[in-house]
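# Coordinates in review
Each chain, written out:
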Amino acid sequence: MRPIIEFCQSNLGAGTLRVKEELEKDPDLDVIDYGCLGFCGECYQYPYALVNGEFVYGESPKDLLNKIREAIAKDEML
């Protein structure tokens, strides 16, 4: 099963748009954005995404991208 990475449209201004665009280049990932993912408190504070339903956040967009890649690699090992 391909990894699913979900983004909140309200969080795209926090720098996650660049992360989303980078991940969309990988044909082995399903990258989706929604109007709201229901993590409003976190959305306000950090760039974040859901990786296979698990909340992943970073201190910066670059940190988020690295943590998303780590989460994907971890899931592939299971």
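Structure: above.
Description of the structure in this document. Since the model is a prediction, treat every value here as computed from it, not as a measurement.

### Some points on the packing of helix α1 (residues 16-24) against helix α3 (residues 61-77)
Each pair of packed helices can be summarised by the angle the axes make with each other and by the distance between the axes. At a minimum axis distance of 9 Å, the contact between α1 and α3 shows a crossing angle of 40°. Comparing the axis directions of α1 and α3 gives the class oblique. Here the hand of the crossing between α1 and α3 comes out right-handed. When α1 is examined against α3, the residues Thr16, Arg18, Val19, Glu22 and Leu23 are found in contact with a partner set consisting of Pro61, Leu64, Leu65, Ile68 and Arg69. Class assignment for the residues of the contact of α1 with α3 results in 6 nonpolar, 1 polar and 3 charged.

### Side note on a negative patch on the surface
Negative charge collects at one region of the surface, where Asp26, Asp28, Glu54, Asp75 and Glu76 lie side by side. As for its position among the elements, aspartate 75 is in helix α3. Judged by its relative accessible area of 32%, aspartate 75 falls in the partly exposed class.

### Looking at the sheet that holds strand β1 (residues 4-8)
One key point about sheets: their strands pair by backbone hydrogen bonds, in either a parallel or an antiparallel sense. The strand order across the open sheet built from 4 strands is β2-β1-β3-β4, with neighbouring strands paired in mixed fashion. At either margin of the open sheet sits one strand with a lone partner, and together these are β2 (30-34) and β4 (54-57). Recorded for the sheet is a direction-independent mean angle of 30° between the axes of neighbouring strands. Contacting β1, β2 and β3 (48-51), α1 crosses the sheet at an angle of about 155° to β1.

### Things to note about α1
Along α1, the residues that are buried comprise Thr16, Val19, Lys20 and Leu23. Looking straight down α1, one finds that the buried residues subtend no more than 100° of arc, so they occupy a single side. Those residues of α1 that are buried lie in contact with β1, β2, β3 and α3.

So, how was this worked out
- The residue numbers shown here count from 1 along each chain, following its written sequence.
- It should be noted that, the model being predicted, local features are given only for residues of pLDDT at least 70 and side-chain atom pairs only at 80 or more, the latter also being counted only at that level, while totals for whole chains, interfaces and linings use all residues.
- For the side-chain quantities, the full set of heavy atoms in the structure was used; hydrogens and water were omitted.
- Angles here are taken between N-to-C directions and fall from 0 to 180 degrees, while the axes themselves are lines fitted to C-alpha atoms, restricted in helices to the stretch in contact.
- Helix and strand assignments follow DSSP, with helices taken as H or I runs no shorter than four residues and strands as E runs no shorter than two, numbered in order from the N terminus.
- Geometric relationships in this document are graded by angle, where less than 35 degrees denotes roughly parallel, more than 145 denotes roughly antiparallel, 65 to 115 denotes roughly perpendicular, and other angles denote oblique.
- Rotating anticlockwise by less than a right angle from the far helix to the near helix defines a left-handed crossing, while the corresponding clockwise rotation defines a right-handed one.
- Here, two residues are considered to be in contact whenever any of their heavy atoms come within 4.5 Å of each other.
- Under the scheme applied here, ten amino acids are nonpolar (Ala, Val, Leu, Ile, Met, Phe, Trp, Tyr, Cys and Pro), four are charged (Asp, Glu, Lys and Arg), and all others, including Gly, are polar.
- Exposure above 30% relative accessible area and the lack of any salt bridge qualify a residue for a patch; like charges then connect within 9 Å, and the nonpolar side chains Val, Leu, Ile, Met, Phe, Trp and Tyr within 5 Å.
- Throughout, the Shrake-Rupley method with a 1.4 Å probe supplies accessible areas, and for residues the shown protein chains are the sole cover considered.
- Think of a salt bridge as a Lys or Arg side-chain nitrogen and an Asp or Glu carboxyl oxygen that are within 4 Å of each other.
- This count recognises Lys and Arg as positive and Asp and Glu as negative, with His and chain-terminal groups excluded.
- Think of each charge as sitting on NZ of Lys, CZ of Arg, CG of Asp or CD of Glu.
- In this scheme, a residue with accessible area under 20% of its type's maximum is buried, one over 50% is exposed, and one in between is partly exposed, where area comes from a 1.4 Å probe on protein chains only.
- Strand pairing is defined by DSSP finding a minimum of two bridges between the two strands.
- Note that the arc is defined by the directions from the helix axis to the C-beta atoms.

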